[in-house]
Structures are given as structure tokens and as C-alpha cells.
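Each chain is listed here by its residues.
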Amino acid sequence: MIFAEYSEWIALAIVAVMLVSFLLERMPPAATAISGAAAFLALGFVGEEPALGAFANSAPITIGAMFILASALQRTGVLDHLASRILTVADTSGIGAIVLVAIVTILASAFVNNTAVVVILVPVVIALAQKLSISKKRLLIPLSYISILGGTLTLIGTSTNLIVAGVAYSRGLERFSIFEITGVGLVTMVVSLLLLLLTGRWLLPSGEADDDENTQPQTFLTDIFPNEDTKAIGVTPDDLSAFKAKGVKLVSQRRGNRLVSPKDEDRALAAGDRLTIRTTLEELLTFAGSEAFKTGLRLRRHQADEPKQVQATITPTDSNIGRALSQLSYLSDYQITVRGLARPGNQPGPTLASCRLRAGDRLLLEGSEATLRSLATSTPLVIEQEINAVPFRRGHAPIAIGTLAGVILASALFSFPIVLSALIGVGIVLATGCISANDAWRSLQANVLALIVAMLIVGQGLEQAGAVDLIVSSVSPLMLGLSPFLVLLLIYALTSVLTELVTNAAVAVIMTPLVIGLAGGLEMDPRALVLAVMFGASASFASPIGYQTNTIVYTAGGYRFADFFKVGLPMNVIAGLASSTAIWMFFL
């Protein structure tokens, strides 16, 4: 080992530089972690086998697998269906809808990565705030906090839990079971939610109700026609499951030249009916791939082997401006289908075919790749090749739900390693078509996994260089006279403060081996100290940068940094006291 005489101090210096880099945010966290890991490798503090062992650690493998399983739930419309039920409840009870949001968030975050849950629920909560005529700022911070607390209920609720458990297992501790932390999580959640409920009125930021249309997801107008052999024939639109999603609104139903009224007795769908709907891009793509309906408008017959969909924007110089969409010249010149039309800040209509085009209108087009390429090069249209949306595969929803339930039960009831059950679950959702391979790889969040693996190498470097032993030998005498409860509280507090400043994955990897080393000198159960790190690294409430869900709502809600500090600091204190007390009672 190079510089063996000063290795522990050099290792600490590298970590100190990394912490400064994390704080300044001049580089992405993953880049900082990789650079630090590279320094440990270059100095010889980490050898080949320990470095490769970081890639074989169960934590990043399990986290990656859970990312894919969560994406399968999203891809099959499970989370979207839950969100639509929430808005339905809001029509009859505002308080009931808010309570339902909290329950859904807690349950979903306990078993699905809570970042994915918040991403899905942010637009739902914003729509709920508008429906209840209150500021979205009153609801979005609680959404993030509740998802964090829900994630502490099980081992798979947050990536932080899995990282800590993985590092602890690699240091010789027995595996944590999936529900081993549930008791502590329940105590922490109940106490923290009571504080939020009792003081939120004064601590949460206030503001006027939001009427900004930009907070609503972009909606497309389209016409759909039921196929003659579909089960939709003879069923009223209100009874069709496709129209019960939160992103679908029926505008009109026409039979020939006659408008079918919602009060008509013969509303049941017949062959030749035209339904005009407004819908989100995801739902429009779902209808486009449906065998029950024909969607959109086309003038020339075409059959692409692998049809591709793009979004195209009408520019001010386009000669089609002012024409009805049925007269769009591109429809007669190219073998394309217009699946739908969106108009920022306005609602086009009354039907897709009759809608008159304006500059800025966005069209969802479908055709062969060659046709769309020709359209992009020879017309004034501005074409976006990538669509950040995918159609739902709702028919596979039971498989996705059953697979996740199987992963949980296998680990909880049969002591099957969570990493193996999660990998088997990934194989099932891929083999059954719940999610495509491309979507699965995109859901892996490579920056998160790279950060975790790099920090595992850094953790190995700290141990091999002797830095862990140096810290333990320095800190142990200071804690010898303290009660176990105060030791837990101090470890929790240090972890929590670092998490507010630095990414929680880095804190988890650095703190876990330290507290395991401290446990021996203090004659305490290392499992209890590891739990203090686990909860301290997850319970980040006082800043928008300490946890991913805080960052998401920080942007969506237009908050100030001080808004999080005002409500989050008391939450940190109460959650710390509750967690430490519960760990002391249950594990010491």
C-alpha cells in the first residue's frame, strides 16, 4: 500500500474533499463519488477483489431490481389508477381525498421506491389542491415527508435502507429481514405525522390557490372509433374501464351527424360511433395501441412494419394554419396518422377532424421511420423524435402486482434473500411483457447505482486504510460514559445532519462501518446502531437537497429553501427522538 504510514489521514482527507464537493454541487454526486473511489484505487487503498466486490454487493443489485419492479407498476397503470381514484374521492370529500393521498403514499412507499411514488402523485396533488381551492404549497411538502416516513416501514421502502443493510451484511452482520424495521418505522411515522398535523397550519408555507394551467399535464384532443368486434359495442362510455382513468375526459359522442346526449337512452356504443376525448399523452398512446378502438385521423392507407410516433409542432410559416385538420396537406402527401392534437393554453375542438390549426399546435404523428424522416426534412414542422411517455399495459397489471407481492412474501415469510426474490421478480415482469427491456434499463437510474457502487469502494478504502479504526478509537472514549439511548441519539443526530448536507447514499456507506466498529468498544448491539444510521439517513426533512423526494416537490411547488427549514427542523428533532426511543426499546 502506497503511503502506508499516513494512509488513514490521506483517506480522511479524500473523504473531506468529497464532502466539500457534495456540498458545493459543482459536480454531480455520482461524479464526485466515482472520483473519490478512483483516488482510493490509485493510491492502493483498495485492491482488485474488494473493488470488484462492490459490484457484487447485494444493495445496488436489489435497488436496481426494485427500480424495475416499480417501473412495471407504473407501466401497467397501477399507480395511475390509484391516482384517479383519489381525484374521484375529491368530488365528494376534500378531507377524504387528502387522507386517501396519505394512505396511498404510505402504503406505496413502503413497497415501491418512494421517489417513483412522488413523481406519480405530484400532478395528482396539484390537481387536488386546485379542486379544493388551496395552495399546492400546503400539500406538496407533506407529500414528500409522508413518502419518506412510509419508506422507513420496510427494508425495501427506500434505497437508503437497502444500502445500509447491504453494507452491514458485508461487515458480518446477519441479513435484515424485510419487516424487521417496521416497528421502529411505525413509531417514527405516527409521532412525526402527529407533529405535522398539529403544527402544519402554522409551519407550512401559505399562499393563494393555484390557477396556473401550466401545472396541469398537457392534454390531447382525439377522435376514437370502436371496432365492430370489440367488447365495447353495446356498453355506455361511462361503463368502459378505458374512460375511468384520471387522464381521460369524454367531450362528445356522435352517431353519424347526430350528437348523442349524455341523457339519451341509446348511449350504448354502436359501430360507426365517433367519440371525441381529451386525454394525456400516456393515455393517448394507450388508445393508439388498443385493439378495441381506431384512433385519430388518416387519409391514406399505410401499414408500417414498426410504426413510430413523434410529436410535431406547427410553425408560424406553415401554410396549413387556419385549415381544418382533415384538410392538413401532410395527410394527403404522406402515409401518416394524426393520433391527436394539443394546444398550449387553450382547448381545441370540437372534434379532431374539424379543429382549425394554429401556430404552436402539437400533433402526435405516427408512421414509418422513413416517412417521418422525410416529413421532418421537407416540411416546416418541428419534429421531436423522442417522446417522454409510454402507453399503459393495463392488461398486465395483475401480473405486476402479483410479482411484487410474491417478492415481498418470499422474503418476509420464507426468509428468501430479497436480492434473489427481486431478481426473479424482474425476470417475471420482463418475460410476461409487463415492461419492455428498453423501459426496464431506462428505469435503472444509472447515476444512483453508480453513486452507490462508488461509495461502497470508498467505504472499503476507509476501512483498508485504517481510517475507520482511527475514528472509532478516537470517539469510543468520549461515548463510554453515555447511556445507550444517548449514544443512539448522537449517532442519529450526526447521520441526520450529514444527510441534510450530503447525499444520503454517501452518508449511509460512510457511517455504517463506523458504528459497527463503535459497537464493539461500547459493548452495544451493532444492529441497534446500524438502525440509527438507517433512520437518520432517511429522515431528511429540513432541506430540499437532502432527499430526492424533497427536491422533486421543491421544484414543483415553487418553494424557498427556508420553507423546508421552517417545518423540517422540528420534524427532524421529533423523528430523531421517536426513532431513537423505539430502537432503544425494541433492540437494546
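Structure: see above.
Asks: How should the overall build of the protein be read in this particular structure?
Replies: A tally of regular secondary structure across the protein gives 23 helices and nine strands. Over its C-alpha trace the protein gives a radius of gyration of 27 Å, about what one expects of a compact globule, namely 25 Å for 588 residues. Dimensions of the protein, computed from the C-alpha atoms along their principal axes, are close to 85 × 50 × 45 Å. Among the 588 residues that make up the protein, the fraction classed as buried is 53%. Of all intrachain contacts in the protein linking residues separated by at least 6 positions in sequence, the fraction that spans at least 24 positions is 79%. Element-wise, carbon and sulfur atoms account for 60% of the exposed surface of the protein, whose accessible area totals about 25500 Å². Seen as two clouds, the 39 positive and the 42 negative side-chain charges of the protein have centres 11 Å apart.

Asks: How should the environment of Thr 313 be read in this particular structure?
Replies: Following the sequence through the fold, Thr 313 ends up in strand E6 (residues 308-313). Between the alpha carbons of Thr 313 and Leu 364 there is a distance of 9.1 Å; along the sequence they are 51 residues apart. Those residues within four positions of Thr 313 in sequence are excluded, and the remaining contacts are Gly 360, Asp 361, Arg 362, Leu 381 and Val 382.

Asks: Hey, could you run me through the packing of aromatic side chains in this one?
Replies: How two aromatic rings sit relative to each other is given by the distance of their centres and the angle of their planes. Considering all chains together, one arrives at six aromatic pairs under this definition. Centroid distance Tyr 145 to Phe 541: 4.9 Å. Interplanar angle 75°. Geometry classified as edge-to-face. Linking Tyr 145 in helix H8 (residues 137-151) with Phe 541 in the loop between helix H21 (526-538) and helix H22 (548-557), this pair joins segments that are 396 residues apart in sequence. Residue Phe 541 is classed as buried on the basis of its relative accessible area of 0%. Here Arg 175 stacks its cationic end above the ring of Tyr 169, 4.0 Å away from the centre of that ring. The residue whose ring lies beneath Arg 527 is Phe 176, and the NZ or CZ to ring-centre distance is 4.1 Å.

Asks: Help me understand helix H5 (residues 78-90), please; the structure alone is not making it clear to me.
Replies: Side chains three or four residues apart in an α-helix point the same way, a direct result of the helix having 3.6 residues per turn. Helix length check: H5 (13 residues) gives 19 Å between terminal C-alpha atoms against 18 Å at 1.5 Å per residue, within 8%. Inspection of H5 places Val 78, Leu 79, Asp 80, Ala 83, Ser 84, Ile 86, Leu 87 and Ala 90 among the buried residues, and these make up the whole buried set.

Asks: Explain the packing of helix H9 (residues 159-170) against helix H20 (residues 504-522) here, please?
Replies: The axes of two packed helices give the description: the angle between them and the distance between them. Across the interface, H9 lies against H20 with an axial gap of 9 Å and an inter-helix angle of 35°. Between H9 and H20 the crossing geometry is right-handed. Facing Thr 160, Ile 163, Val 164, Val 167 and Ala 168 of H9, the residues of H20 in contact are Asn 504, Ala 505, Ala 508, Val 509, Thr 512, Pro 513 and Ile 516.

Asks: What's the story with the pairing of strand E1 (residues 219-226) in this structure? I'm lost.
Replies: A regular strand carries its side chains on alternate faces of the sheet. The buried fraction of E1 amounts to six of the eight residues, a majority that puts the element mostly inside the structure. In this sheet, strand E4 (residues 274-280) lies alongside E1 in antiparallel orientation, the contact comprising six bridges. From the neighbouring strand, Leu 221 faces E4, where its bridge partner is Arg 278.

Asks: Help me understand the nonpolar core in this model?
Replies: Generally speaking, nonpolar side chains in soluble globular proteins are found buried as a group. In this structure, Phe 40, Met 455 and Leu 462 are the most contacted members of the largest nonpolar core, which totals 139 residues. When sequence neighbours within four positions are dropped, the list of residues in contact with Leu 462 reads Ala 11, Leu 12, Val 15, Phe 40, Ala 467, Val 468 and Ile 510. Listed in part, the 22 residues of the second largest apolar core include Leu 352, Ala 353, Leu 363 and Leu 372.

Asks: What is the right way to look at unusual backbone geometry in this model?
Replies: The general pattern is negative phi for most residues beyond glycine and trans for most peptide bonds. You will see that Ser 133, though not glycine, has its phi angle at about 60°, which is positive. Its place among the elements puts Ser 133 in the loop between helix H7 (114-131) and H8. Located in the positive-phi region is Glu 523, a residue other than glycine, with phi close to 55°. In this structure, Glu 523 sits in the loop between H20 and H21.

Asks: Just to check I follow, could you spell out H8 for this structure?
Replies: Counted at 1.5 Å a residue, the expected span for H8 with its 15 residues is 21 Å, and the 22 Å between its end C-alpha atoms agrees. Across the 15 residues of H8, 13 count as buried, placing the element largely inside the fold.

Asks: What is the right way to read the side chain of Ser 7 from this model?
Replies: Turning to its location among the elements, Ser 7 is positioned in helix H1 (residues 7-24). Classification of Ser 7 by relative accessible area gives buried; the value is 4%. Side-chain polar atoms of Ser 7 contact the backbone oxygen of Ala 465, separated by 2.9 Å.

Asks: I'm lost on the environment of Ser 579 in this one. Help?
Replies: Mapped onto the secondary structure, Ser 579 falls in helix H23 (residues 561-587). Taking the C-alpha atoms as reference points, Ser 579 and Asp 333, separated by 246 residues in sequence, lie 67 Å from one another. Ignoring any residue separated from it by four or fewer positions in sequence, one finds Ser 579 in contact with Val 184, Thr 188, Tyr 492 and Phe 535.

Rules used throughout
Residues numbered from 1 in each chain as written. Predicted model: local features only at pLDDT ≥ 70, side-chain atom pairs only at ≥ 80, totals over all residues. Heavy atoms only, no water. Helix = DSSP H or I, 4+ residues; strand = E, 2+ residues; numbered from the N terminus. Rg over C-alpha atoms; globule rule 2.2 N^0.38 Å. Buried < 20%, exposed > 50% of the residue type's maximum accessible area, 1.4 Å probe, protein only. Contact = heavy atoms within 4.5 Å. Areas by Shrake-Rupley, 256 points an atom, 1.4 Å probe, with all protein chains shown as cover. Lys, Arg positive; Asp, Glu negative; His and termini not counted. Charge placed at Lys NZ, Arg CZ, Asp CG, Glu CD. Phe/Tyr/Trp six-rings, centres within 6.5 Å; stacked < 30°, edge-to-face > 60°. Lys NZ or Arg CZ within 6 Å of the ring centre and 35° of its normal. Expected span 1.5 Å × (residues − 1). Axes fitted to C-alpha atoms, helices over the stretch in contact; angles between N-to-C directions. Left-handed = near helix turned anticlockwise from the far one by under 90°. Pairing = 2+ DSSP bridges. Core = buried A, V, L, I, M, F, W, Y, C linked by side-chain atoms within 4.5 Å. Polar contact = N/O pair within 3.5 Å; in protein donor to acceptor, adjacent residues only side chain to side chain.

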